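Below are the chains, spelled out letter by letter.
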Amino acid sequence: MKYFVFIMILAMLTFSCIMPEKITLESQIEGENPNIIPIFDDNFVEGGYTYAYPVNSKITFSDECTKKGDLSLLMTLDNNDYSGAAIGFAGIDLSKIKDKGDVIFWIRGEHGKEKFIVSLICINDKNQKVASSIGSTKYAILKKGEWQKVAIPLMKFPDSGMWWDETAKTEKPGAFDWKNVVEFRISILPSPTPFEIYLDDIHIEKSYKAEKGEQALPTITVIRKDTLNDGCYVGAFAEGLQGSLNTIKDFEELIGKKLATVMWYCDFTSPFPRDNCEMLIKNDYIPHITWEPWYWNDHSKVKLQDIVDGKWDTYITGWAKEIKDYGKPLMIRWGHEMNSDWYPWSVGKPENTAELYIKAYRQVHDIFTKLGVKNVQWIWCPNNFSYPNTPDNDPIKMYPGDEYVDWIGIDGYNFGTQYGEWMSFSELYFAIYTKLVENFPKKPIIIGEFASGTEGGDKAKWILNMGETIEKYYKNIKAFIWFHISKEQKWEVDSSIESVKAFRKIMRNPYFLTSGTNFWDVPSKYKPASIEELIAMNNKPPMIYNITEVSGTINIDAKIDEWNTSEFVTIDKREEYEAKGAFWGPTNDIIANLAVKYDDDNLYIAAKVIDDFPLNNNFLDVNIWKGDAVEFALSSVPSKDDRRTDYAPTDFHVGISTGNGTDVIPVAFNWQKNHRVEDAVIKVKKTEYGYILEAKIPFKEFDMKVKKGMKIDFDMAVDDADEGGERDKQIIWNGNSTFYKDPSVWGRAVFK
């Protein structure tokens, strides 16, 4: 038996191997079953190559555990890194069955609950090796040691993806060529759970029947003229949008409305893309460049201090002169998401400060001003949350001044349960929006990048809610840019037929505008709208919880004998979850009864939780929120009943984990002080309905002195992890999923 198989590190090593002649659709279906398109035979004889990455990941053939034939594929991936493994084959043409075929494979997890990403990889006409990817959550929940058949419709894979630019050492977006599919890949994100799976019987099956109403989208008339003078202008970023009028029109036919603006990215190696701008402006699209001060292939090349010191003046001046010569409208979003730690210009990095960022921003702007460039509108654009969330990383401190800013941008994505919670539009934007409007009322707001993923909720419902919410409550948002590409998730409008229909529905609303010419005039005509209705909608009267004084002694034993039933408050958020489009799960998952008591020295917490996967927390310290846990937030000083949207030095957020009942112990962690609460006493007991948690936290952890009758700002929550092993729900007593960073949504507590 002959195999053409070897291991390589992705994108790091070149390879050569004997490849079978490219297979056509007609030749593939001449076998025993005309609906089956085989990629390999039962023992993977026709495989061209395999590879795994990084170095600690492995892909091998195994004869110890198989579903069909004598061999299966064993993938052991490094769960501490972004890891993957693939098997390659001759190029397959799937273009004719994209709308009526499935990717089929059998998979067995050796630990259970493994989450993974499935990718088809093509080589397109630009010789780019593009991965079209989809998460496994909707299609497979693995049980330890059991084979499971997985079927993913080809139509669910996006028509664009990411490819590795070896020269630039970075991922870039690219078009997916369904006529030349060459690899099947499984990959994972970093996770505490070991990842070891077997794969077998990988093939394409033509028997898939499209879901009702999903065979084709109806053709609709694209709205190209506005009937209102005020509203929110529509923009997008997508692969190649800025360079092709046909690509723009394809996108407009997808959503049913003409765009007012097109956004794309340039780094500090890029020349000014005049041809793109000329094409766009000629067709009534305002060009919008996100100008990133770094090299995509060398992230250390550009430093804020070097910009301030003038080392980049020649390059910046070149852009300014060309833009002046171009002479037509252009928007520049420079150094976006600065209140983060993931870019070289981020203020969240130790080498940068808010003052340094402002100086660098002004340095760039001043060069344009001195050269008399008057055809640029500047967008200053923080992220919707600060990371790290520290006083020094407050975006308000990074504002360069009204004379340097024409638009205020905000970036924010609904990652769903990939990184925490399914979040509604208001949960993402309320705190930062109100803060920016109140501090900089003269500037219109544009959402610089946003989209919803699909993990943990109903994307179509999210889109409909977004459209209604912007029109009713966020009237100072005068434009948005939809991020129409697969990256961390399937952000595209057409990630499902339902999502397209929802987007089309909001685009029929005349409030969403199309005119590039009128869009350009927004800053000069802008008059801020009141945000009081939004504040009233979001800030419902806070609930009040009475914290009773301990009489006698409380034994921390998870028996809760010393607690009265009347002291418990029930948290059941199923209706709220489903209203915002989040997936809930079984009816008995999750309901919590919480109670709090105090004495002179300690705060006591008791929780009786209904949970169908109890004690599911394999995390410690800063990451305990990812598993089953109880959280509370409080102010250590009397409540001022103010509407602050950022934590003060006297605000604290503490989590108490359940552990896993075996080798991972329950712990308490104070996120503001960034340490484990060593003096905490915690006891957890599994019950027939879930678990009981009882804990004691000393007041000294909050530098707090309690007096009877004292009222404080207060909230509490319960985190729930189910089959996937990481949190997929959080239920909060008074606030919403922003309570960990926004005290304005907290309730109140009174020490009785």
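Everything discussed here concerns the structure shown above.
Since we're looking at a predicted model, the values are computed, not measured.

Procedures and definitions
- Residues numbered from 1 in each chain as written.
- Predicted model: local features only at pLDDT ≥ 70, side-chain atom pairs only at ≥ 80, totals over all residues.
- Heavy atoms only, no water.
- Patch = residues over 30% accessible without salt bridge, like charges linked within 9 Å, V, L, I, M, F, W, Y side chains within 5 Å.
- Areas by Shrake-Rupley, 256 points an atom, 1.4 Å probe, with all protein chains shown as cover.
- Salt bridge = Lys/Arg side-chain N within 4 Å of Asp/Glu carboxyl O.
- Buried < 20%, exposed > 50% of the residue type's maximum accessible area, 1.4 Å probe, protein only.
- Pairing = 2+ DSSP bridges.
- Helix = DSSP H or I, 4+ residues; strand = E, 2+ residues; numbered from the N terminus.
- Axes fitted to C-alpha atoms, helices over the stretch in contact; angles between N-to-C directions.
- Parallel < 35°, antiparallel > 145°, perpendicular 65-115°, else oblique.
- Contact = heavy atoms within 4.5 Å.
- Nonpolar A, V, L, I, M, F, W, Y, C, P; charged D, E, K, R; others polar.
- Core = buried A, V, L, I, M, F, W, Y, C linked by side-chain atoms within 4.5 Å.
- Expected span 1.5 Å × (residues − 1).
- Arc of directions from axis to C-beta.

*Asks:* Explain a nonpolar patch on the surface to me, please; I cannot follow it from the model alone.
*Replies:* A cluster of nonpolar side chains, Y82, L189 and Y419, forms an exposed patch at the surface whose accessible area comes to about 310 Å². Relative accessible area serves as the criterion here: at 52%, Y82 is assigned to the exposed category.

*Asks:* Is there a simple way to explain the sheet that holds strand β7 (residues 117-123) in this structure?
*Replies:* Backbone-to-backbone hydrogen bonds join strands into a sheet, with any given pair of strands oriented parallel or antiparallel. One open sheet accounts for seven strands, arranged β2-β5-β12-β7-β8-β10-β11; its pairing is antiparallel. Two strands in the sheet have a free side with no partner beyond their single neighbour: β2 (49-53) and β11 (170-175). Within the sheet, the average angular offset between the axes of one strand and its neighbour, ignoring direction, is 30°. The sheet contact formed by strand β8 (residues 129-135) and strand β10 (residues 160-165) spans two bridges and is antiparallel. Bridged to V130 within β10 is W163.

*Asks:* What am I meant to see in the packing of helix α8 (residues 459-473) against helix α9 (residues 497-507) here?
*Replies:* Helix packing geometry: the angle between the two helix axes and the distance between the axes. With their axes 8 Å apart at the nearest point, α8 and α9 run at an angle of 10° to one another. By the angle between their directions, the pair α8 and α9 is classed as roughly parallel. Across from K459, A460, I463, L464, M466 and G467 in α8, the residues of α9 making contact are E498, S499, A502, F503, K505 and I506. Residues that form the contact of α8 with α9 fall into these classes: seven nonpolar, two polar and three charged.

*Asks:* Would you mind going over the nonpolar core with me for this structure?
*Replies:* Grouped together as the largest cluster of nonpolar side chains are 172 residues, with contacts concentrated most on W291, W334, F368, W380 and F632. Counting residues in hydrophobic clusters, the runner-up holds 39 residues, among them I92, L94, V103 and L120.

*Asks:* Would you take a moment to explain helix α5 (residues 313-326) for this structure?
*Replies:* Quick reminder: α-helices carry 3.6 residues per turn. Residues three or four places apart thus point the same way. Between its first and last C-alpha, α5 extends 20 Å over 14 residues, near the 20 Å set by a 1.5 Å rise per residue. Taken together, the buried positions of α5 are occupied by Y315, I316, W319, A320, I323 and Y326. Buried positions in α5, seen along its axis, are confined to an arc of 135° and lie on one side of it. In α5, the exposed positions angled more than 90 degrees off the buried face are occupied by T314, K321 and D325. Positive backbone phi, approximately 75°, marks G327, located one or two places after α5.

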